[in-house]
Amino acid sequence: MKRPTFDDWPCSVARVADVLGDPWTILLVRDASHGLTRFEEFQRSLNIPRNTLSARLRRLVEIGLLERRLYQDYPPRAEYVLTDMGRDFFPVLTAMLGWGDRWLGEDGAPVSVHHVPCGHDIDPQVVCRSCGRPVDLDEVEFRVGPGYPDDVPEHLDLRDRFARRVAAQDARGRSASDGPEVASAG
């Protein structure tokens, strides 16, 4: 059965799932964030079949998260280095780490992320860029953004869903002026 594609959905979460929706891919980006760059390092770290590793590395290069660089001419050998796009995935990795520590770990965090300049471990959270306050799901409204297409198939259109959620929030007594500035995600 052919894997579905989500690259034309009007939702960035669906598009990310389309690009990084299998465990090997996310683990490769994690390992690249840890400093691994060579095929053999990835293969040893993940014990991933070589053909699967080749396909996932090729895909990560195609979409722009990794760059393939030759580090040896004879025989030709390449390394895989995070691009700016790949480094920008760091907050997503730390959010996944924090969520996994809270909900899937039984004996505490297996890995911590240490912020060297201040000397403390980080605690991933979503923060409003305007007021600086931590934000949770009950304090946000999802809204149509500037990149939302005009011609969305009805079954993919998120506008009605957004309106229903806002109405439900208002019914619970939350006015649009309560809480921090509204954040958008999608």
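Residues numbered from 1 in each chain as written. Predicted model: local features only at pLDDT ≥ 70, side-chain atom pairs only at ≥ 80, totals over all residues. Heavy atoms only, no water.

Caption draft 1: Layout of the overall build of the protein chain. Within the protein chain, the secondary structure is distributed over seven helices and four strands. In sequence order, the secondary structure elements of the protein chain are arranged as α-α-α-α-β-β-α-α-β-β-α. Here the C-alpha atoms of the protein chain give a radius of gyration of 20 Å, more than 25% beyond the 16 Å that 2.2 N^0.38 yields for 186 residues. Based on the C-alpha atoms only, the size of the protein chain along its principal axes is roughly 65 × 45 × 30 Å. Going through the 186 residues of the protein chain one by one, you find that 25% of them count as buried. Considering only intrachain contacts with a sequence separation of at least 6, the fraction spanning at least 24 residues in the protein chain is 40%. For the protein chain, the accessible area works out to roughly 13200 Å², and carbon and sulfur atoms hold 54% of it. (Helix = DSSP H or I, 4+ residues; strand = E, 2+ residues; numbered from the N terminus. Rg over C-alpha atoms; globule rule 2.2 N^0.38 Å. Buried < 20%, exposed > 50% of the residue type's maximum accessible area, 1.4 Å probe, protein only. Contact = heavy atoms within 4.5 Å. Areas by Shrake-Rupley, 256 points an atom, 1.4 Å probe, with all protein chains shown as cover.)

Caption draft 2: Structural view of a nonpolar patch on the surface. There is a patch of nonpolar side chains on the surface, built from W99, W103 and L104 and spanning about 420 Å² of accessible area. Turning to its location among the elements, L104 is positioned in the loop between helix 6 (90-103) and strand 3 (114-115). Using a relative accessible area of 61% as the deciding quantity, one classes L104 as exposed. (Patch = residues over 30% accessible without salt bridge, like charges linked within 9 Å, V, L, I, M, F, W, Y side chains within 5 Å. Salt bridge = Lys/Arg side-chain N within 4 Å of Asp/Glu carboxyl O.)

Caption draft 3: Examining the pairing of strand 1 (residues 66-72) more closely. Sheet topology note: the strand 1/strand 2 (residues 77-82) ladder contains six bridges and is antiparallel. When the bridges of strand 2 are listed, L66 appears paired with L82. A loop of four residues connects strand 1 with strand 2, the two strands running antiparallel in sequence. (Pairing = 2+ DSSP bridges.)

Caption draft 4: Expanded view of the pattern of salt bridges. In this structure the tally under the stated criterion is eight salt bridges. The residue D22 makes a salt bridge to R56 at a minimum N-O spacing of 3.2 Å. Remark: R56 occurs in helix 4 (residues 50-63) and D22 occurs in the loop between helix 1 (12-20) and helix 2 (23-33); sequence separation between them is 34 residues. R30 is the salt-bridge partner of D31, the closest N and O atoms lying 2.7 Å from each other.

Caption draft 5: Up close: the environment of V152. Tracing the backbone shows V152 in the loop between strand 4 (120-121) and helix 7 (159-171). Once the C-alpha coordinates of V152 and P110 are considered, the two residues, 42 residues apart in sequence, prove to be 43 Å apart. The contact partners of V152, leaving out residues within four places of it in the chain, are P10, D157 and R159.

Caption draft 6: Region of interest: the nonpolar core. Of all hydrophobic cores here, the largest spans 18 residues; its most connected members are L28, V29, F42, L53, L57, L60 and L66. At four residues, the largest contribution of residues to this core is made by helix 4. Those residues in contact with L60 that lie beyond four places of it in its chain are L20, T25, L28, V29, L65 and L66. Counting seven residues, the second largest nonpolar core, distinct from the first, contains A14, V152, L156 and L158. (Core = buried A, V, L, I, M, F, W, Y, C linked by side-chain atoms within 4.5 Å.)

Caption draft 7: Region of the structure containing helix 2. Restricting attention to buried positions, one finds in helix 2 the residues T25, L28, V29, D31 and A32. For helix 2, the arc enclosing every buried residue in end-on projection is 160°, short of the 170-degree limit, so these residues lie on one face. Elements that come into contact with the buried residues of helix 2 comprise helix 1, helix 3 (39-46), helix 4, strand 1, strand 2 and helix 6. Of the residues that open helix 2, the one with a side-chain oxygen 3.0 Å from the backbone nitrogen of W24 is D22. In the stretch just after helix 2, G35 is the one whose phi turns positive, near 105°. (Arc of directions from axis to C-beta. Polar contact = N/O pair within 3.5 Å; in protein donor to acceptor, adjacent residues only side chain to side chain.)

Caption draft 8: Geometry of the UniProt feature "domain: HTH hxlR-type" (unreviewed entry) in the protein chain. Using the residue numbers shown here, the UniProt feature "domain: HTH hxlR-type" (unreviewed entry) corresponds to residues 11-108. Taken end to end, residues 11-108 is 61% helix and 13% strand, and its first and last C-alpha atoms sit 33 Å apart. (UniProt positions renumbered as here; feature names shortened; annotations may be inferred.)

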